[in-house]
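Chain by chain, the residues:
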Amino acid sequence: MRNHPSRRTFVGGSLAFAFGGSSLLAPLAAHAQVDRAAQKKQMAEPVDTAKFKKAGPYTIGVAAGYMSNSWVVFCLQHVRWEASLHKDVKDVIVTDAAFNPGKQVADIEDLIAKNVSMIIYWPVDEKAIQPALEKAIAKGIPTINAGGGFTYSPGTTSNAFIDQYVLGEMVAQHFMTDLGGKGKVFAMLPIAGTTAAVDQLAALKDVLKKHPGVELLSAEHGDWNRAKAKQISENLLQRYPKIDGVYSPAGQMSMGVVEAFEEAGRAKSLVMSPGDEYNGWMKWVVKNKKGGAVTFPTRAGQEATKLGLKILAGQPVPRGLVIPSQYIAPAEAAKYAEMDKPDDWWASNLPAGFKPKA
Amino acid sequence: MAAPAAPGRHGAALAAHRRHAALRAARSAGIWGLLVLGTMLAAVLVPGFATATNLGNVVTQSAALGLVALGQTFVIAAGLIDLSVGQLLGLTVVLTCALSDGRGELLLPVALGVLALGAVVGSLHAWLVNKLAIEPLILTFGSLSILQGAIFSYTDRSVGRAPEALRWIANERLLGWPVAGALLVLTALGAHLLLRRTRFGLRLLATGDDGESARRAGVPVARIRWGAFVLSALGAVAGGLLVAGRLGTGYPNAGQGFELDAIVAAVLGGTSLAGGRASIVGTIGAVLLLGVIANVLNLLEVSAFVQTLAKGAIVVAAIIATRAPRSQVRPGAAHAPVADA
Amino acid sequence: MASRLATQALRELVSRWAILGALALLYLAAAILSPDAFLEPAYVGNVLRQAAPVAIAAIGTTLVMILGGVDLSIGAIISLSAVFCAVQMGGDAANVGPALAATLLLAAGLGAVNGMLNIASPGSSFILTLGSALAFYGLTQLYSGGTARGIVAPGFREFFNQRLGDVLPVLALAMLLIAAAMELVLRTTRFGRQIYLIGSNREAARLAGLPVGGVTFACYVISGLFAGLGGIAVLARSGVSSTFTGRGFEFDALAAIVLGGTVFSGGRGTIVGTVAGTLVLFIAFNLVNILGFNYNLQLVLKGAIIILASAAYAWLGRER
């Protein structure tokens, strides 16, 4: 029959657009590097809490960017726990944007309409919600970013966070030690564009500069998804006949990675970097006696709540409060793993009444 | 070789048409009835609902979806469907912010540019449906994937900034009225006139009702479908401009879910997935109703998990409750015989 | 005239089995572009195992689509089934049997809800299953509390991931067996024939006395049941690490079914086609990944494949 050149051009055109577009990615990645020294100064800056000071009773608003992952569920439980320890906190209201930034904007507006005393949040996209957060501050509602990233911006009063660069650096350094300073490795990172992904990769690259014997084959994004990490690893195992180690700070993804290696029969000599204290990963570390963990504490929620209450009391707080990560050697993993709990679980000090359903 | 319609058949057809018009009016009245009732109940029962700020918020939050749903109404009325509008919206958000990067003087050219891009996408859809007879549902699902892949290949994180003027339109109020809301009302008015008072609109409804008969009656079906797809794309782009203003930054995944919400709004408002029946007024009512429900559930501190369950239950209940006696077919059935029960 | 009929018959034949040809061609291309992978049996076994959950779920939904409807809720049913099954197992191997049975019962029950809704409002399956998908996702969230509860019984995953003859994972074999069984059902049983007839012309079937409502209900139950099997397959393949495990599956299944030759208007389609369509998608995805391209190009490729395949089918079916 007749040719349909236009159809081919349409498909070809969109493929070309996509291919051409990806080459633009390089310059975008470059500007993600942050000036660490300047950031440290920003973190230490004191917050002017006088304008937020008010008397109780307080209502805590939590604008969750998403609730569909166990880390944030545990983080929220820490918020509730801390709230229960203060007599002057009468309620915790939670909204869930389900990864929709437009909805998170609407959720923040709704929390303002409900006259909450403070807003704790973790963003879908930090920049998208700044205008809404600024509206909250204009109404005297302090905003606290809880979780994995430092935001220095008029819309964010303070941060209780885990420094992803420091975490990535700790993971990379232990990884280098375990590798013996040489080998071929790849990196399994979270969702591209998140602070976690950007900082972890930056930390790895900086550490690699001091270890020229280690070659980074590829940096992949498993999106905190165990199945996706497994699929990507299976394909990498095909592409590269020799892989000595994997840099994977997120234990959830590490599980997918090791499974791919185990099924390919290449797990014996594999060196895994420390993951985090994700329970499923901890169980694997206990069984296999290697890997270890650098923690990503879910008590960030608790610290965020404490920060918020201090602000409401007019006490001084810094712009950024780092919740330190700690290294767990494989030999100590048994203290943190809960063998009778699900994989999708985090070690914590939560009292029984506040733990999520098992 | 169609025989001329017998007078009896003509009379029956006219009666059927009147019945459908009445049903459509009842359905869109139904949605507005629900909206008014719901709003009044909420005003009484939900603290914080009935303030000017909150009500204005609801309108502002719904405006983007409203524009997308208006476009979708046209394409569904024509007996087609467009699943790609969500990703087209996302592409608009990214391009608008990346290309203008906050510079006000670039707003107009960039806006015109993305509208033109939308027209091209819509035209491509129409061409593929007209020339190659691809099912619209599967075609726009394919283009959804392509657009999404293209967006994420271009950027994996927020890029650029929306110009101040766009942010103002999307968020602020003039004399107490949300500007985005006013924009939606004006667009809806234009859409209503286009659908009901122009030859294009009447032909569109005829095409959706029965493509073959319309073609035999001399309606330029291919051109009508082109118009429908372009309108759908333009609705997505316009919604995207508002979302860009609302977020202030080019978030790549901004469009996720808009296509399904737009379809739900159109159908709840009285537009039939089989084509041929549509209500602009109903679509707007449904969009506002969905916005009110989300707002009320938030104000009542209903758990987000329950909100999802509730939304699903509401959609199902509304469809069952307002189902038309005449048979409906799956969307995009422009090429399939309309004979199923 | 006779030659025109012959051409038509030939076109129908080609249209029905075109996907197999496409699969063969794609595999050939993949083997040329990346022989280390695609010529290695263990890797091919991997791809089959990756495809298994989607393929199994799509098998059930194929029946609904031959009938002329759609089922967009299978992603949600998969998610709920996977979490529910893990919770029922509770880490104890003795629980495997009851856990699987309970999960399948639940999934079939959700399918029954879809069936009843579609009998109440026939022809609106698109929007009805959209709504039920939301409701089922909400149920999953409520049931799980947001975390992927449950502990898989020891040995369960190992059983399904082990390879027979060092090549074919048990899960992949299960998929192939299920596919063969359902294809037989479609072709040889009265139920199967009724599905095709009703899908071709619902009114005529009703007038001829066929149990249209009953067959519709049964097909939705089967679609739900197979989505439950798909959830169990996901659990077996990669464990449960989220409450949204099944998200997006409904659209991948839709793509696979359409690629396989099932049309939206109903009346045509095969299980073999659906499975072949699934394999086409997964080989394409893995090829993109293995060749080192940006992961997001998979999405572009998926869309392009779908559009091209639809155009091809439409062209083949043109002069009918």
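Parameters and conventions
- Residues numbered from 1 in each chain as written.
- Chains lettered and ligands numbered in written order.
- Predicted model: local features only at pLDDT ≥ 70, side-chain atom pairs only at ≥ 80, totals over all residues.
- Heavy atoms only, no water.
- Helix = DSSP H or I, 4+ residues; strand = E, 2+ residues; numbered from the N terminus.
- Buried < 20%, exposed > 50% of the residue type's maximum accessible area, 1.4 Å probe, protein only.
- Contact = heavy atoms within 4.5 Å.
- Lys, Arg positive; Asp, Glu negative; His and termini not counted.
- Charge placed at Lys NZ, Arg CZ, Asp CG, Glu CD.
- Rg over C-alpha atoms; globule rule 2.2 N^0.38 Å.
- Areas by Shrake-Rupley, 256 points an atom, 1.4 Å probe, with all protein chains shown as cover.
- pLDDT = per-residue confidence, 0-100.
- Expected span 1.5 Å × (residues − 1).
- Buried area = accessible area lost by both parts, 1.4 Å probe.
- Salt bridge = Lys/Arg side-chain N within 4 Å of Asp/Glu carboxyl O.
- Nonpolar A, V, L, I, M, F, W, Y, C, P; charged D, E, K, R; others polar.
- Pairing = 2+ DSSP bridges.
- Axes fitted to C-alpha atoms, helices over the stretch in contact; angles between N-to-C directions.
- Phe/Tyr/Trp six-rings, centres within 6.5 Å; stacked < 30°, edge-to-face > 60°.
- Lys NZ or Arg CZ within 6 Å of the ring centre and 35° of its normal.
- Polar contact = N/O pair within 3.5 Å; in protein donor to acceptor, adjacent residues only side chain to side chain.
- Patch = residues over 30% accessible without salt bridge, like charges linked within 9 Å, V, L, I, M, F, W, Y side chains within 5 Å.

## Observations regarding the overall build of chain C
Here is step 1: When helices and strands are counted, chain C shows 14 helices and two strands.
Here is step 2: Each principal axis of the C-alpha distribution contributes one length, and for chain C these read about 65 × 50 × 35 Å.
Here is step 3: Looking at chain C as a whole, 61% of its 320 residues qualify as buried.
Here is step 4: Counting contacts in chain C only where the partners sit at least 6 residues apart, residues at least 24 apart contribute 78% of the total.
Here is step 5: Here chain C contributes 18 positive and 12 negative side-chain charges, whose respective centroids are spaced 9 Å apart.

## Focus: the overall build of chain A
Here is step 1: Looking only at helices and strands, chain A features 12 helices and 12 strands.
Here is step 2: Its C-alpha atoms give chain A a radius of gyration of 22 Å, near enough to 21 Å, the size a compact globule of 358 residues would have.
Here is step 3: Judged by the C-alpha coordinates and their principal axes, chain A covers about 65 × 65 × 40 Å.
Here is step 4: Taking as baseline every contact in chain A between residues at least 6 positions apart, the subset at least 24 positions apart corresponds to 73%.
Here is step 5: Accessible surface, chain A as shown: approximately 13,900 Å² in total, 56% of it carbon and sulfur.
Here is step 6: For chain A, the distance from the average position of its 41 positive side-chain charges to the average position of its 34 negative side-chain charges is 2 Å.

## A few points about the confidence of the model for chain C
All names here are of chain C.
Here is step 1: Summarising the model, chain C shows a mean pLDDT of 87, and 98% of its residues fall at 70 or more.
Here is step 2: Averaged pLDDT values over the elements of chain C bottom out at 80 in strand β1 (residues 163-164) and peak at 94 in helix α5 (residues 96-120).
Here is step 3: Across the whole predicted complex the pTM is 0.84, and at the interface the ipTM reaches 0.83.

## Considering helix α5 (residues 136-154) of chain B
Here is step 1: Counted at 1.5 Å a residue, the expected span for α5(B) with its 19 residues is 27 Å, and the 26 Å between its end C-alpha atoms agrees.
Here is step 2: For α5(B), a buried count of 18 out of 19 residues is recorded, marking the element as mostly surrounded by other parts of the structure.

## Quick look at the interface of chain C and chain B
Here is step 1: Between chain C and chain B, the residue contacts involve 45 residues of the former and 46 residues of the latter.
Here is step 2: Roughly 3,900 Å² is buried in total at the junction of chain C and chain B, and carbon and sulfur atoms are behind 78% of that figure.
Here is step 3: In terms of surface lost to chain B, no three residues of chain C exceed C:Phe126, C:Ile127 and C:Phe264, which account for 17% of the buried area on that side.
Here is step 4: Inspection of the region where chain C meets chain B yields zero salt bridges.
Here is step 5: Elements with a minimum of two residues in the side of chain C that touches chain B: α5, α6 (125-144), α10 (202-207), α12 (249-259) and α14 (297-316) of chain C.
Here is step 6: Considering each element in turn, the side of chain C that touches chain B owes the most residues, 13 residues, to α6(C).
Here is step 7: Its residues placed into classes, the side of chain C that touches chain B shows 25 nonpolar, 15 polar and five charged.

## A look at the sheet that holds strand β6 (residues 183-189) of chain A
Hydrogen bonding along the main chain pairs the strands of a sheet, whether they run parallel or antiparallel.
Residues and elements named next belong to chain A.
Here is step 1: Spatially, four strands are ordered β7-β6-β8-β9 in an open sheet, and the strand pairing comes out parallel. Lying at the two open borders of the sheet, with one neighbouring strand each, are β7 (214-221) and β9 (271-272).
Here is step 2: In the sheet, β6 pairs with β7 via seven bridges, with the strands oriented parallel. Residue pairing in the sheet places valine 185 in a bridge with leucine 216 of β7.
Here is step 3: The strands that helix α9 (residues 226-239) touches are β6 and β7; relative to β7, the one it contacts most, it runs at about 140°.
Here is step 4: Helix-sheet contacts for helix α10 (residues 251-263) involve β6, β8 (245-247) and β9, and the interaxial angle to β6 is about 135°.

## Digging into the packing of aromatic side chains
Here is step 1: The full count for this structure, using the stated rule, is 16 aromatic pairs over all chains.
Here is step 2: Aromatic pair A:Tyr66 and A:Phe99: ring centres 4.5 Å apart, planes at 0°, arrangement stacked. Here A:Phe99 lies in the loop between β2 (89-96) and α5 (101-113) and A:Tyr66 lies in the loop between β1 (58-64) and α4 (70-84), a separation of 33 residues in the sequence.
Here is step 3: Since its relative accessible area comes to 15%, A:Tyr66 is described here as buried.
Here is step 4: Relative to C:Tyr143, the ring of C:Phe84 lies with its centre 5.7 Å away and its plane at 45°, an arrangement referred to as tilted. Of the two residues, C:Phe84 sits in helix α4 (residues 74-89) while C:Tyr143 sits in helix α6, which places them 59 residues apart along the sequence.
Here is step 5: Members of the aromatic cluster, each reached through a chain of ring pairs, are A:Phe150, A:Tyr152 and A:Phe161.
Here is step 6: For the cation-ring pair, C:Arg247 lies above C:Tyr137, with the distance from its terminal atom to the ring centre recorded as 4.5 Å.

## Things to note about the side chain of A:Asn279
All names here are of chain A.
Here is step 1: Residue position: asparagine 279 is located in helix α11 (residues 279-288).
Here is step 2: Engagement of the side chain of asparagine 279 in a polar contact is seen with the backbone oxygen of lysine 341, the distance being 3.5 Å.
Here is step 3: With residues near it in sequence (within four places) discarded, asparagine 279 still touches Tyr336, Ala337, Glu338, Lys341, Pro342, Asp343 and Trp345.

## Some details on a nonpolar patch on the surface
Residues and elements named next belong to chain B.
Here is step 1: On the surface, a cluster of nonpolar side chains totalling about 780 Å² of accessible area is made up of Trp32, Val36, Leu37, Met40, Leu41, Val44, Leu45 and Val281.
Here is step 2: Among the elements that take part in the nonpolar patch, helix α1 (residues 7-45) stands out by supplying seven residues, more than any other.
Here is step 3: Relative to the helices and strands, valine 36 is located in helix α1.

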